[in-house]
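Notes for the structure review
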Amino acid sequence: MLASHKTKFTADSIEKKPGDEFKFACATYQLDSEGTDRHGDISILEYHEKSINVLSVLDVGGVLDLWWRDENQLFGACASGELRVVQTDKDCVLNKKGAAKLSDGILLAVDGCSDSVVTSDTLGSISSIEPDSLKIKTSINSAHGAQGWGAEVWGLALDRHDTNLVYSGGDDCLLKIHDLRTPHTVATSKYHTMGVCCISPDPVSPRQILSGSYDENVIHWDTRNFRQPLRTVSVGGGVWRIKRNHDNTHLLIAGMHSGFHVVDMEKFAVTQTYTGHESLAYGADWLSQGFVATCSFYDNLVSVWHSGV
């Protein structure tokens, strides 16, 4: 560990700030001791000279996922069921810009591109949002779940080559492809044996995605064949996040109980494991020059360390 920082609430998500080498956003979410009130914030942190400096903190009531639309606009999936938009100024001070109530449940994930945002929630639903007005364009109300119950949709990603396509993963152990132009699921994989937590489309190769699950496996797929994976690697813990480095040569994996792992994409094997956190490995992202930022839940810890890449 090169540097560490303690958050006020339990930390769950980290996203590098576009255009900055060592600045990143961190989200927190925590229930009070009675389990009724939700608390949390978004902070902008910077790694500098072996320390983590806090540039700004904004109380937003609990955030489970983050996505940067551009260098200054950040979207948060909130425990209130709101999609929250915040803006950073030239000094990286956070300011609230807008919010929209999208769900009666908890928003779990957010992803997007410049002109489209997608969210998912605890009720099994997926929504496509217009990012400026925050109005819902399309909703898939039973994306995951069966027989009248909705399964939590933890995994969500917008395709990088065709933004009509959305990938989702749920507590029902299913990995799905949806086309926002039709209400029907395009394809479903039942390969994972436990809930699907995260999905990472390949930014270079169409029809190539990665999925991660509580079953401890990272799976490389060609989406034209959901019966047989291309490659599989186990990290010894539930796979909560998958992040690709800038060159798409290595993965940074948040492995919950097993720590954080670096996976070589060519070998599709773990090359480094980091266990400097004492709680669930949840948030992770690549910074510059092989440095990474990670966070863990119950110990409120943010760390910066080097991946060896």
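Attention here is on the structure that accompanies the text. Keep in mind it's a predicted model, so treat the numbers as computed, not measured. Residue positions are given per chain, counted from 1 along the sequence in the order it is written. Side-chain atom pairs in this predicted model are given and counted only at pLDDT of 80 or more, local residue features only at pLDDT of at least 70, and totals for whole chains, interfaces and linings cover all residues. Side-chain metrics in this entry use all non-hydrogen atoms of the structure; hydrogen atoms and water are not considered.

1. A few points about the overall build of the protein
Along the backbone of the protein there are 0 helices and 32 strands. By the compact-globule yardstick of 19 Å for 309 residues, the protein fits well, its C-alpha radius of gyration being 18 Å. Across its three principal directions, the C-alpha atoms of the protein cover 50 × 45 × 40 Å. In the protein, buried positions account for 61% of the 309 residues. By definition, residues are in contact when any of their heavy atoms lie within 4.5 Å. Considering only residue pairs separated by 6 or more positions, the protein has 44% of its internal contacts joining residues 24 or more positions apart. Runs of H or I in DSSP of at least four residues are treated as helices and runs of E of at least two as strands, each being numbered from the N terminus. Note on method: radius of gyration uses C-alpha positions; expected globular size equals 2.2 Å times residues raised to 0.38. The classification of residues rests on relative accessible area computed with a 1.4 Å probe and restricted to protein chains. Under 20% of the type maximum is buried, over 50% is exposed, and intermediate values are partly exposed.

2. Focus: the nonpolar core
Within the largest apolar cluster, 22 residues are counted, with the highest numbers of intra-cluster contacts made by L64, I106, W240, L252, F260, Y282 and W305. Among the secondary structure elements, those contributing two or more residues to this core are β27 (250–254), β28 (260–264) and β30 (281–286). For this core, the leading source of residues is β30, giving 4 residues. Apart from residues no more than four positions distant in its own chain, L64 is found in contact with D12, S13, Y29, A77, C78, A79, I106, L107, L108, W154 and R241. Nonpolar cores were defined as sets of buried Ala, Val, Leu, Ile, Met, Phe, Trp, Tyr and Cys residues, with membership established by side-chain atoms within 4.5 Å.

3. As for the side chain of K176
Positionally, K176 belongs in strand β20 (residues 175–179). When charges are counted, neither His nor the chain ends are considered; positive counts come from Lys and Arg and negative counts from Asp and Glu. Each salt bridge in this description consists of a side-chain nitrogen of Lys or Arg and a carboxyl oxygen of Asp or Glu lying within 4 Å of one another. One buried charged side chain, K176, makes no salt bridge at all; its nearest oppositely charged neighbour is D172, positioned 5.0 Å away. Whenever two N or O atoms come within 3.5 Å, that pair is a polar contact, provided that in protein one can donate a hydrogen and the other can accept it, and provided that, for residues adjacent in sequence, both atoms are side-chain atoms. Only 2.7 Å separates the side chain of K176 from the backbone oxygen of A143, close enough to count as a polar contact. If we ignore the near neighbours within four places in the chain, the residues touching K176 are A143, H144, V166, Y167, S168, T185, A187 and T188.

4. Examining the pairing of strand β11 (residues 94–101)
Relative to β11, strand β10 (residues 82–88) is paired through 7 bridges, and the arrangement is antiparallel. Across the sheet, the residue bridging to E82 is K101, located in β11. For two strands to pair, DSSP has to find at least two bridges joining them. Linking two consecutive strands that pair antiparallel, namely β10 and β11, is a turn of 5 residues; a positive phi of about 65° is found at C92 within it.

5. Overview of the sheet that holds strand β8 (residues 63–68)
Paired through backbone hydrogen bonds, the strands of a sheet run either parallel or antiparallel to each other. With antiparallel pairing, 4 strands are arranged side by side in an open sheet as β8-β9-β10-β11. One side of each edge strand has no neighbouring strand; the edge strands of this open sheet are β8 and β11. Neighbour-to-neighbour, the strand axes of this sheet turn through a mean angle of 25°, independent of strand direction. Where strand β9 (residues 73–78) and β10 come together, 5 bridges link them in antiparallel fashion. From the neighbouring strand, L74 faces β10, where its bridge partner is V86. For helices, the axis comes from a line fit to the C-alpha atoms of the stretch in contact; other axes are also lines fit to C-alpha atoms, and the angle between any two N-to-C directions lies between 0 and 180 degrees.

6. So, the pairing of strand β26 (residues 241–244)
Look at any regular strand and the pattern is simple: side chains alternate between the two faces of the sheet. By the alternation rule, side chains of β26 split into R241 and K243 and I242 and R244, which are all buried. Bridging between β26 and β27 involves 4 bridges; their strand directions are antiparallel. Looking across to β27, one finds that I242 is bridged to I253. Where β26 hands over to β27, the hairpin turn is made up of 5 residues, of which N248 adopts a positive phi near 60°.

7. Focus on unusual backbone geometry
Despite not being glycine, N248 has its phi angle at roughly 60°, a positive value. Tracing the backbone shows N248 in the loop between β26 and β27. Unusually for a residue other than glycine, Q289 sits at a positive phi of about 60°. Residue placement: Q289 occurs in the loop between β30 and β31 (291–296).

8. A few points about the sheet that holds strand β29 (residues 269–274)
In spatial order, the strands read β26-β27-β28-β29; together these 4 strands make up an open sheet with antiparallel pairing. Edge strands, defined here as strands with exactly one partner in the open sheet, are β26 and β29. Ignoring which end each strand starts from, the neighbouring axes of this sheet average 25° apart. Of the strand pairs in this sheet, β27 and β28 are connected by 5 bridges, and their pairing is antiparallel. Each bridged residue has a counterpart across the sheet, and for L252 the counterpart in β28 is V262.

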